[in-house]
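# Summary of structural features
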Amino acid sequence: MAILSAPGTTRETGRPAPPSPVGPQRTSLGRKVRDNLTGHAFLVGAVLCFAVFSWYPMIRGIVMSFQRTRRGETTWVGWDNYTRIVDDPSFWTAWKNTFSFTVLALVLGYVAPFFVAVLLNEFRHAKGYLRILVYLPVMLPPASALFLFKFYAYDPSDAGLFNAILKALHLPTSQWMQSPEMTMPAMVLASTWMNMGSAVLIYLAALQNIPGELYEAAELDGAGIWRRIRHVTIPQTRLILALLAMMQIVATMQVFIEPLILANGAGAEDSATSVAYLIYQHGFFQNDLNGAAALGVIMLVVLAGFSAVYVRLTAKQD
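## A closer look at the overall build of the protein
For the protein, the count of helices and strands is 13 helices and 2 strands. Within the protein, buried positions represent 34% of all 318 residues. Of all intrachain contacts in the protein linking residues separated by at least 6 positions in sequence, the fraction that spans at least 24 positions is 62%. For the protein, the accessible area works out to roughly 20,200 Å², and carbon and sulfur atoms hold 66% of it.

Below, the structure is given as structure tokens:
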């Protein structure tokens, strides 16, 4: 006689049948698809932003650097734009000024934030207020801060802040932005004051992650503050120092707003003309977009070279 089995049981044993794997598999698969769709949706948005606002302009600029547009007609000219740009005397002047600004910024704008961060890290009280005070210039619009320097601090008369300080110290005053010798140091000083707050906060975060036992051991060995900085602080923050050095080089080599506002572009005897300002001049004053694109590609190659050297050096250190 046939044995009828209840629904959900096996015919041989009468025990409950195992659940079908189709349902849980479909549920798990559907969950994974939904999770991946959410992640890919965010990823697609980021990729589209980069493609539209970064990659397409970069590729378009490279293509334009090999073309020439006149009266609405575009022709392929090969390396002619690069040859014309390199033969321009302003090209070498701009690179000289740009490298000078970068070197001075590394001496002042890179070293000063580190020592300010070390000094703030030594304070036991009012750290929050001091951080706000250091970061305040970063919150100012760059144009406003530079106009403040131009018309108040760098006023060549005795009414200027810096000249008043020099006069009070019985030191000779300066023409600042009107002097070819002082133009570059003055721009570096203003740029450092505007931007050092971010670097100081990054250094402070790195310093606070250094174990206190290292400083205590150094103090027990009789190490002073300079030896502690040399043997404890710098080695423990080596990666942050290298990263910010590379960011400093890339940022300072694209200097533009400082010569534009402080020196009205070129400055006295072309002492402030930078590569970025020369690109702006070719594109908007000379209506030479193809030459500006060629100069931009040259800057891209130079910065890519610095980045490659940085990656190579940090890879060896790791």
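Next, the rest of the story.
## Focus on the side chain of threonine 273
Checked against the element boundaries, threonine 273 lands in the loop between helix 11 (257-262) and helix 12 (275-285). Given the relative accessible area of 6%, threonine 273 is considered buried. Those residues in contact with threonine 273 that lie beyond four places of it in its chain are Thr93, Ala94, Asn97, Gly265 and Ala266.

## Observations regarding a nonpolar patch on the surface
Together, Leu43, Val47, Phe50, Trp55, Met58, Ile59, Ile62 and Leu300 give the surface a local cluster of nonpolar side chains, amounting to about 720 Å² of exposed area. The leading source of residues in the nonpolar patch is helix 1 (residues 22-64), at 7 residues. When you line up the elements, leucine 300 lands in helix 13 (residues 289-317). Classification of leucine 300 by relative accessible area gives partly exposed; the value is 34%.

## Here we look at the pattern of salt bridges
Side chains that differ in sign of charge can pair as their charged atoms come close. Going through the model one piece at a time under the given rule, you end up with 2 salt bridges. Across the salt bridge formed by arginine 84 and aspartate 288, the nearest N and O atoms sit 2.7 Å from each other. Of the two residues, arginine 84 sits in helix 2 (residues 80-87) while aspartate 288 sits in the loop between helix 12 and helix 13, which places them 204 residues apart along the sequence. Overall, aspartate 288 belongs to the buried group, its relative accessible area being 12%.

The rules behind the values
Residues numbered from 1 in each chain as written. Predicted model: local features only at pLDDT ≥ 70, side-chain atom pairs only at ≥ 80, totals over all residues. Heavy atoms only, no water. Helix = DSSP H or I, 4+ residues; strand = E, 2+ residues; numbered from the N terminus. Buried < 20%, exposed > 50% of the residue type's maximum accessible area, 1.4 Å probe, protein only. Contact = heavy atoms within 4.5 Å. Areas by Shrake-Rupley, 256 points an atom, 1.4 Å probe, with all protein chains shown as cover. Patch = residues over 30% accessible without salt bridge, like charges linked within 9 Å, V, L, I, M, F, W, Y side chains within 5 Å. Salt bridge = Lys/Arg side-chain N within 4 Å of Asp/Glu carboxyl O.

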